[in-house]
Amino acid sequence: MARQLMSDNIILLTDSYKIAHYRQYPPKTTTVYSYFESRGGDFPETVFFGLQYILERYLAGPVVTQAKIDEAKEVFALHFGDDKLFNAEGWEYILKEHNGHLPIRIKAVPEGTVVPVKNVLITIENTDPQTYWLTNYLETILVEVWYPLTVATYSRELKKIIAGYLSETADDLSGLPFKLHDFGYRGVSSVETAGIGGASHLVNFMGTDTIAGFMLARQYYGSTMAGYSIPATEHSTMTSWGRAGESAAYKNLLEQFPSGVVACVSDSYDIFNACENIWGKELKDLIVERGKDGKSILVIRPDSGDPATVVVRILEIFGERFGTTTNSKGFKVLPPYIRIIQGDGISYASLKQILQHMKDHKWSADNVAYGSGGALLQRHHRDTQKCALKCSFAVVNGENVNVFKDPITDPGKKSKTGRLTLERTEDGKFVTQVESKGDPAKDLLVTVFENGVMVKRWTLDEIRERAAV
Ligand SMILES: O=C1OCCC/C1=C\Nc1ccccc1
């Protein structure tokens, strides 16, 4: 049989130090209860997303087998130089008593919910008193939810910026879902990262080139097709015509794609010459003609230079060549058959600068879409939103213990204690009730996983509803 992939042996999906933790809890510990939160960071609220994938992919079903236990025995004896350290009995207990299903209960806020930081988002506890040691054994894989949570949050913050400028400078927000396109597949650390991050972006938008992203949404979030794209050029398909062949390359593009939306990267040599003399003069009539069907659009993609400066300069050139109208908010709009996509240097900071520069020059946000790669999918870490899992409650020798940490060296790391609920106050604000004082009937946390079974799932459509800007 093909050897178990490391990522498919749940016993190996943890940090080495956790292997020895079962001997370190107080004697007669029967419950370990922990919670996950974002303590805050770049943004004051987060979109909860991505736990469903982790549960389905790594924790659900009969994940414990004798083969995996044997593999763990072998590798941990080598890894620690000690064949007595690994809790083989504990895992064999799960195999025999629970038929390989994890005796764990996980409650979480519904995916897509936007929650202010410093609120409980997930709780996890063991359902079998024998497996108190399993709760935090699963911390490692569960805390990886920081990544989809942070990408979904970051993507939504970019959406807020674009929505704001559309509200101020466009007739409506109908173009918003396609205003930020995911260019990030090559810029992430692995195919799995691309899938997770790509799906996280699709909570907020519908434009993507990260195929792994909509495939993950298809497989884990019940979304037949979560994201869309269009024919677009890259430098190789343009520069292979040679510099002298630049206009022939562009003309060929319009002939190959006589209708529909098509994008063309145009900065290979001199984007301003390309816009002024090729797109704006030599091929102008072709562009206007194809636009007469009311649905064909040529999208020009700059890919270098200072984004704000380059975008506005192209808008001015196209405004002169193709004309403009003034919309209900008093801002200029190019004819519907020609647009711009800025896919270089897009980030939370630069997006505001570009949109503000456009506004200062009376250009509507309608004219430009954006693409983002590494900044969208990769330039994040667990401390971006300070995501962590901490133990807040235990039962030891039949006694309830409110567990917490409160380091004198960092008050910001003080953890919540007791059993927790996430509730809403009368005025609709989220509040985390601590010390087991919450009302389970009001708890917004939903049991999503129990004893190996996914007991609650959400679809991407439902999640998009909750996360709507
Ligand atoms: O130009 C475009 O218009 C919209 C469709 C996508 C697109 C470009 N895609 C892309 C992907 C990965 C790296 C760079 C660009």
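Every chain is numbered independently, its residues counted from 1 as its sequence is written. For a predicted model such as this one, the threshold for reporting local features is a pLDDT of at least 70, and the threshold for listing and counting side-chain atom pairs is 80 or more; totals across whole chains, interfaces and linings nevertheless cover every residue. Excluded from the side-chain calculation are hydrogens and water; included are all heavy atoms of the structure.

- Under an unreviewed UniProt entry, the name given to the protein is Nicotinamide phosphoribosyltransferase, and the source organism is Capsaspora owczarzaki.
- Per UniProt, the comment on the protein under Catalytic activity (unreviewed entry) is "beta-nicotinamide D-ribonucleotide + diphosphate = 5-phospho-alpha-D-ribose 1-diphosphate + nicotinamide + H(+)".
- UniProt positions are given in the numbering used here, feature names are shortened, and annotations may be inferred rather than shown by experiment. Of the protein, the UniProt comment under Sequence similarities (unreviewed entry) reads exactly: "Belongs to the NAPRTase family."

1. Overview of the overall build of the protein
So, point 1. The helix and strand tally for the protein stands at 15 helices and 18 strands.
So, point 2. Its C-alpha atoms give the protein principal-axis dimensions of about 80 × 55 × 40 Å.
So, point 3. For each residue, the accessible area found with a 1.4 Å probe, counting protein chains only, is set against the maximum for its type, and the residue is called buried under 20%, exposed over 50%, and partly exposed in between. Residue burial in the protein is summarised as follows: out of 469 residues, 54% are buried.
So, point 4. What makes two residues a contact is simply this: any of their non-hydrogen atoms within 4.5 Å. Long-range pairs, those at least 24 residues apart, make up 75% of the contacts in the protein between residues at least 6 apart in sequence.
So, point 5. Charged residues are defined narrowly, with Lys and Arg counted positive, Asp and Glu counted negative, and His plus the chain ends left uncounted. One atom stands in for each charge, and that atom is NZ of Lys, CZ of Arg, CG of Asp or CD of Glu. Within the protein, the 57 negative side-chain charges are centred at a point lying 2 Å from the centre of the 52 positive side-chain charges. Starting at the N terminus, helices and strands are each numbered in turn, a helix being any DSSP run of H or I of at least four residues and a strand any DSSP run of E of at least two.

2. As for the site of the ligand
So, point 1. Neighbouring residues are identified by heavy atoms, a residue being near a molecule or strand if any of them is within 4 Å of it. Around the ligand, the neighbouring residues are His181, Phe183, Arg186, Asp209, Ser229, Ile230, Ala232, Ala263 and Arg301.
So, point 2. Under the rule applied, a polar contact is a pair of N or O atoms within 3.5 Å (in protein, one hydrogen donor and one hydrogen acceptor; residues adjacent in sequence only if both atoms are side-chain atoms). Between a nitrogen atom of the ligand and a side-chain N or O atom of Asp209, the distance comes to 2.9 Å.
So, point 3. In this structure, Arg301 approaches the ligand through a side-chain N or O atom, which is 3.2 Å from an oxygen atom.
So, point 4. For the ligand, whose free accessible area comes to 380 Å², the fraction covered by protein is 86%. Values of accessible area rely on a 1.4 Å probe in the Shrake-Rupley scheme; residue burial ignores everything except the protein chains shown.

3. A few points about the sheet that holds strand E6 (residues 180-182)
So, point 1. Pairs of strands are assigned from DSSP output, requiring at least two bridges between the strands. The strand order across the open sheet formed by five strands is E6-E12-E11-E8-E7, and the pairing between neighbours is parallel. Looking at strand neighbours, the two that pair on one side only are E6 and strand E7 (261-265), the edges of this open sheet. When strand polarity is set aside, the average angle formed by the axes of neighbouring strands in this sheet is 30°.
So, point 2. Relative to strand E12 (residues 368-372), strand E11 (residues 338-342) is paired through three bridges, and the arrangement is parallel. Its bridge partner being in E12, Ile341 is matched across the sheet by Ala369. Fitted lines through C-alpha atoms give the axes, limited to the stretch in contact for helices. The angle between two N-to-C directions lies from 0 to 180 degrees.

4. Remarks on the side chain of Gln385
So, point 1. With respect to the secondary-structure elements, Gln385 resides in the loop between helix H14 (374-377) and strand E13 (387-396).
So, point 2. The class for Gln385 is buried, based on a relative accessible area of 0%.

5. Details of the sheet that holds strand E17 (residues 446-450)
Adjacent strands of a sheet pair through backbone hydrogen bonds, lying either parallel or antiparallel.
So, point 1. What the seven strands build is an open sheet, ordered E14-E13-E1-E5-E3-E17-E18; its pairing is antiparallel. This sheet does not close on itself; its edge strands, each paired only once, are strand E14 (399-402) and strand E18 (453-454).
So, point 2. As defined by bridge partners, E17 adjoins E18 across two bridges and the pair is classed as antiparallel. By the bridge assignment for E18, Glu450 is matched with Val453.

6. Some remarks on the UniProt feature "binding site: beta-nicotinamide D-ribonucleotide" (unreviewed entry) in the protein
So, point 1. The positions UniProt marks with the feature "binding site: beta-nicotinamide D-ribonucleotide" (unreviewed entry) are Asp209, Arg301, Pro302, Asp303, Gly343, Asp344, Gly374 and Arg382. With the annotated positions falling across 174 residues, the maximum pairwise C-alpha distance of 32.7 Å shows that they are not confined to a single cluster.
So, point 2. Considering the arrangement of structural elements, one finds Asp209 in the loop between helix H6 (191-201) and helix H7 (211-220).
So, point 3. Asp209 gets classed as partly exposed once you look at its relative accessible area, which sits at 41%.
So, point 4. Apart from the residues lying within four places of it in its own chain, the contact partners of Asp209 are His181, Asp182, Tyr185 and Ser229.
So, point 5. Note on placement: Arg382 falls in the loop between H14 and E13.
So, point 6. Residues within four places of Arg382 in sequence aside, it is in contact with Val143, Trp146, Cys387 and Ala388.

7. Here's the deal with helix H13 (residues 348-360)
Counting along an α-helix, one turn takes 3.6 residues, and residues three or four places apart therefore face a common direction.
So, point 1. Spanning 13 residues, H13 covers 19 Å between terminal C-alpha atoms, matching the ideal 18 Å at 1.5 Å per step.
So, point 2. Inspection of H13 places Ser350, Leu351, Ile354, Leu355 and Met358 among the buried residues, and these make up the whole buried set. Buried residues in H13, looked at end-on, bunch into an arc of 130°, giving them a common side. Looking at H13, the residues exposed on the side facing more than 90 degrees away from the buried face are Gln353 and Asp360.
So, point 3. Of the surrounding elements, those touching the buried residues of H13 are helix H5 (146-169), helix H12 (307-322), E11 and E12. In a helix, the anticipated span is given by 1.5 Å times the number of residues less one. It is the directions from the helix axis to the C-beta atoms whose arc is reported.

8. Details of the environment of Arg339
So, point 1. Mapped onto the fold, Arg339 is located in strand E11.
So, point 2. Sequence-wise, Arg339 and His79 are 260 residues apart; in three dimensions their C-alpha atoms are separated by 57 Å.
So, point 3. Ignoring anything within four residues of it in the chain, the contact list for Arg339 reads Ile297, Leu298, Val299, Ile300, Val333, Leu334, Asp366 and Asn367.
So, point 4. Side-chain polar atoms of Arg339 contact the backbone oxygen of Asp366, separated by 3.4 Å.

9. With respect to a nonpolar patch on the surface
So, point 1. Together, Tyr185, Val191, Ile211 and Met215 give the surface a local cluster of nonpolar side chains, amounting to about 370 Å² of exposed area.
So, point 2. Turning to its location among the elements, Tyr185 is positioned in the loop between E6 and H6.
So, point 3. The exposure class assigned to Tyr185 is partly exposed, which follows from its relative accessible area of 32%. Residues enter patches when their relative accessible area tops 30% and they take part in no salt bridge; the joining distance is 9 Å for like charges and 5 Å for the nonpolar side chains Val, Leu, Ile, Met, Phe, Trp and Tyr. Any carboxyl oxygen of Asp or Glu within 4 Å of a side-chain nitrogen of Lys or Arg constitutes a salt bridge here.

10. Regarding the pairing of E11
So, point 1. Of all five residues that make up E11, five are buried, and the element is covered over most of its length.
So, point 2. Residues Ile338, Ile340 and Gln342 point to one face of E11 and Arg339 and Ile341 to the other, with burial holding for every one of them.
So, point 3. Here three bridges tie strand E8 (residues 297-301) to E11, and the two strands are oriented parallel to one another. Bridged to Leu298 within E11 is Ile338.
So, point 4. Convention used here: a crossover is right-handed provided that the path from the first strand, over the helix, to the second strand proceeds clockwise when the strands point away from the viewer. The parallel pair E11 and E12 is bridged by H13, and the resulting crossover is right-handed.

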